[in-house]
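Each chain is listed here by its residues.
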Amino acid sequence: MRLSDLQNKNLVNINDGRNIGNIIDVKVEEQTGNIKSLIIEGKGGMFTFLNKDSELEISWSDIKKIGEDVILVNLK
């Protein structure tokens, strides 16, 4: 699976059914090459792209299922 395949899927929180946002990047473990986390586009105003603090990082361990159209995530 490619990053672009992940970016085309909706992220949904399994606890409340909310759409979380769009994947804009991933963090990779340098030694193993495994994905550590997904970086999600921050929600907010017009200048959100200037503020990296508005991004959400979701640990790979919080991902419960990757489906054809949706990625289910367990966010508390």
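The coordinates are above.
Thresholds, definitions, all that
- Residues numbered from 1 in each chain as written.
- Predicted model: local features only at pLDDT ≥ 70, side-chain atom pairs only at ≥ 80, totals over all residues.
- Heavy atoms only, no water.
- Helix = DSSP H or I, 4+ residues; strand = E, 2+ residues; numbered from the N terminus.
- Buried < 20%, exposed > 50% of the residue type's maximum accessible area, 1.4 Å probe, protein only.
- Contact = heavy atoms within 4.5 Å.
- Areas by Shrake-Rupley, 256 points an atom, 1.4 Å probe, with all protein chains shown as cover.
- Pairing = 2+ DSSP bridges.
- Axes fitted to C-alpha atoms, helices over the stretch in contact; angles between N-to-C directions.

**Q** Just checking my understanding: could you explain the overall build of the protein chain for this structure?
**A** When you go through the protein chain residue by residue, the secondary structure sums to one helix and seven strands. Starting at the N terminus and ending at the C terminus, the protein chain contains elements arranged as α-β-β-β-β-β-β-β. Counting only residues that meet the buried cut, the protein chain has 26% of its 76 residues in that class. Partitioning the intrachain contacts of the protein chain with sequence separation of at least 6 by distance along the chain shows that 36% fall at a separation of at least 24. When the accessible surface of the protein chain is split by element, carbon and sulfur atoms take 47% of a total near 5500 Å².

**Q** Explain the sheet that holds strand β6 (residues 63-66) to me, please; I cannot follow it from the model alone.
**A** Strand order in the open sheet made by the four strands is β2-β1-β7-β6, with mixed pairing throughout. Two strands close off the open sheet at either side, each with one partner strand: β2 (19-21) and β6. Across the sheet, the axes of successive neighbouring strands diverge by a mean angle of 35 degrees, strand direction being ignored. Where strand β1 (residues 10-13) and β2 come together, two bridges link them in antiparallel fashion. When the sheet's bridge partners are listed, Leu11 is paired in β2 with Gly21.

**Q** Is there a simple way to explain the pairing of strand β3 (residues 23-28) in this structure?
**A** Side chains on a regular strand alternate between the two faces of the sheet. Of the pairings in the sheet, the one linking β3 to strand β4 (residues 35-40) comprises five bridges and is antiparallel in character. Of the residues in β4, the one forming a bridge with Lys27 is Ser37. Counted between consecutive antiparallel strands, the loop separating β3 from β4 contains six residues, among which Gly33 sits at a positive phi close to 80 degrees.

Everything listed here is a matter of coordinates, which is why it stays silent on function.
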